[in-house]
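Structural description and commentary
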Amino acid sequence: MTNHLKFINYAHDLAFKNFGKTFPNPSVGCIITKNNKIISKGVTSRTGRPHAEEIALKKAGKKASGSSMYVTLEPCFHSSQNGSCADQILRSGIKEIYISCIDPDPRTKNKSITKLKRNKLKVITGLEKNKTINLNKFFFKSLTKQKPFTKVKMAISNDEKIAWSDYKSKWISNSKSRSYVHKLRSNSQAILTTSKTIIKDNPRFTVRNKNKIIKNLNVVVVDTNLNIPLNSKVLNNLHDKRVIIFTSKKNSKSQKLIQIGCEVIQMKKENNSLNLKKLFSNLYKLKISDLFVEAGGIFFANLLKNNLVDEIHLFKAPIIIGEKGIPVIKGNNLKRIDKKLLEKISFDDNSYFKYQVK
């Protein structure tokens, strides 16, 4: 069992290092061993295909016959580049397979495991299962709920304010906290924001290291009345990312946004705004499974009201803004949210808290 744990954990290490590059697919790691030595390995490719198993099988070639496979998620039952991974495993002559977690996708769920067992392969499941689930939370939760897994980021003062009353404050958190935000962004499929945030801050929403752009993130904008300025920084580099704008308007401006490369989705207004639950369902159909929210307290409150928040990422600075400051949640406070602390990190005088919303 010691060797089996070692090999499945190595497969998890591969998946972990690859995370953030495979959206909307989960990051899966796979290794193939023979005589207790690794002969091949693979991880999910950036486009989702080929899968980790078929990459590892192709590298192993004929050596795969009589070998053992360790994979972090059940091999697919539906078609991949060379037929299903289950069929490729059977053709390869692999004698046993260790699978961390059953795939919740109804196209595969337990089907590959049943087929492999029926064809006399030794199949062991559940080894380090939680590692797969924790790494690919977005995949499991979005598939179950048919809406994106959603993380809200907020930088707050000690009295739970996000800005002074005139909005003139640029930074509440320190440089180390802001650096960590870029790591969180890089592990997300898209930024969700509002036109109000874009007008106020004109953010780039890129992943940067020492002010050098290393990744252009997809951006989703909730813009009921299509107020986004055409010279906004988020509209730069549209060849490297998706910008999806949800609005109630269909006019010359929406046509211009489409012409420059944006996806403009028109929705009917309900009570003078867009229905966020319907918007999230639309996003899932557009293959957006993971969102990192960077917006204001009103939008945060609306997401909470609609039960659309899965995680909260808080950066707290030791400053007092006062009663006239802008609250982190309009009409609410953090203590009222039913949540579980998952992680806490100190960045000098700043504290970072990661919560799971129950």
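Read on for an overview of the structure. As the structure is a computational prediction, the values presented were derived from the model and not from experiment. (Residues numbered from 1 in each chain as written. Predicted model: local features only at pLDDT ≥ 70, side-chain atom pairs only at ≥ 80, totals over all residues. Heavy atoms only, no water.)

With that settled, consider the packing of helix H2 (residues 52–60) against helix H3 (residues 85–92). Angle between the axes and distance between the axes: these two values describe a pair of packed helices. Packing of H2 against H3 brings their axes to within 9 Å, and their N-to-C directions diverge by 25°. In terms of orientation, H2 and H3 fall into the roughly parallel class. For the crossing formed where H2 meets H3, the hand is left-handed. Where H2 abuts H3, its residues Glu53, Glu54 and Leu57 lie against Cys85, Gln88, Ile89 and Ser92. Per-class residue counts for the contact of H2 with H3 are three nonpolar, two polar and two charged. (Axes fitted to C-alpha atoms, helices over the stretch in contact; angles between N-to-C directions. Helix = DSSP H or I, 4+ residues; strand = E, 2+ residues; numbered from the N terminus. Parallel < 35°, antiparallel > 145°, perpendicular 65-115°, else oblique. Left-handed = near helix turned anticlockwise from the far one by under 90°. Contact = heavy atoms within 4.5 Å. Nonpolar A, V, L, I, M, F, W, Y, C, P; charged D, E, K, R; others polar.)

Attention now goes to unusual backbone geometry. Backbone phi values are negative for most residues with the exception of glycine, while trans is the configuration of most peptide bonds. Across the junction of Phe23 and Pro24, the peptide omega takes the value 5°, indicating a cis bond. For the bond from Arg49 to Pro50, the omega torsion is -5°, close enough to zero to count as cis. Within the fold, Pro50 resides in the loop between strand E2 (37–43) and H2. Even without a glycine there, the phi angle at Lys210 is positive, about 55°. Phi at Lys287 takes a positive value of approximately 65°, unusual for a residue other than glycine. Position of Lys287 among the secondary structure elements: in the loop between helix H10 (276–285) and strand E14 (290–293).

What follows covers the pattern of salt bridges. Applying the stated criterion to the full structure yields 13 salt bridges. Measuring nitrogen to oxygen at the nearest pair gives 2.5 Å for the salt bridge that ties Glu311 to Lys137. Separated by 174 residues along the polypeptide, Glu311 in strand E15 (residues 311–316) and Lys137 in helix H6 (residues 137–145) bring together distant segments of the chain. Since its relative accessible area comes to 3%, Glu311 is described here as buried. Taken together, the salt bridges that share partners define one network made up of Lys153, Arg185 and Glu294. (Salt bridge = Lys/Arg side-chain N within 4 Å of Asp/Glu carboxyl O. Buried < 20%, exposed > 50% of the residue type's maximum accessible area, 1.4 Å probe, protein only.)

Let's shift gears to the packing of aromatic side chains. A complete count under the given rule lists eleven aromatic pairs for this structure. Look at Phe23 and Phe138: their rings are 4.8 Å apart centre to centre, the planes differ by 70°, and that puts the pair in the edge-to-face class. Of this pair, Phe23 sits in the loop between helix H1 (2–18) and strand E1 (29–34) while Phe138 sits in helix H6, and the two are 115 residues apart along the sequence. For Phe23, a relative accessible area of 15% translates into the label buried. Taking the relative accessible area as the measure of exposure, Phe138 reaches 2% and is therefore buried. Following the ring pairs from residue to residue traces out a cluster consisting of Tyr180, Phe315, Phe347 and Tyr352. (Phe/Tyr/Trp six-rings, centres within 6.5 Å; stacked < 30°, edge-to-face > 60°.)

Now for the environment of Ser177. Note on placement: Ser177 falls in helix H7 (residues 175–186). A relative accessible area of 0% means that Ser177 is categorised as buried. If we skip the residues at most four places from it in the chain, Ser177 touches Phe315, Phe347 and Asn350.

What follows covers the state of the cysteines. Enumeration over the complete set of coordinates arrives at zero disulfides. With no disulfide partner, Cys30 has as its closest neighbouring cysteine sulfur the one in Cys85, 8.5 Å distant. Of all cysteine sulfurs in the structure, the one in Cys30 sits closest to Cys101, which takes part in no disulfide; the separation is 15 Å. Judged by relative accessible area, which is 4%, Cys101 ranks as buried. (Disulfide = S-S within 2.5 Å.)

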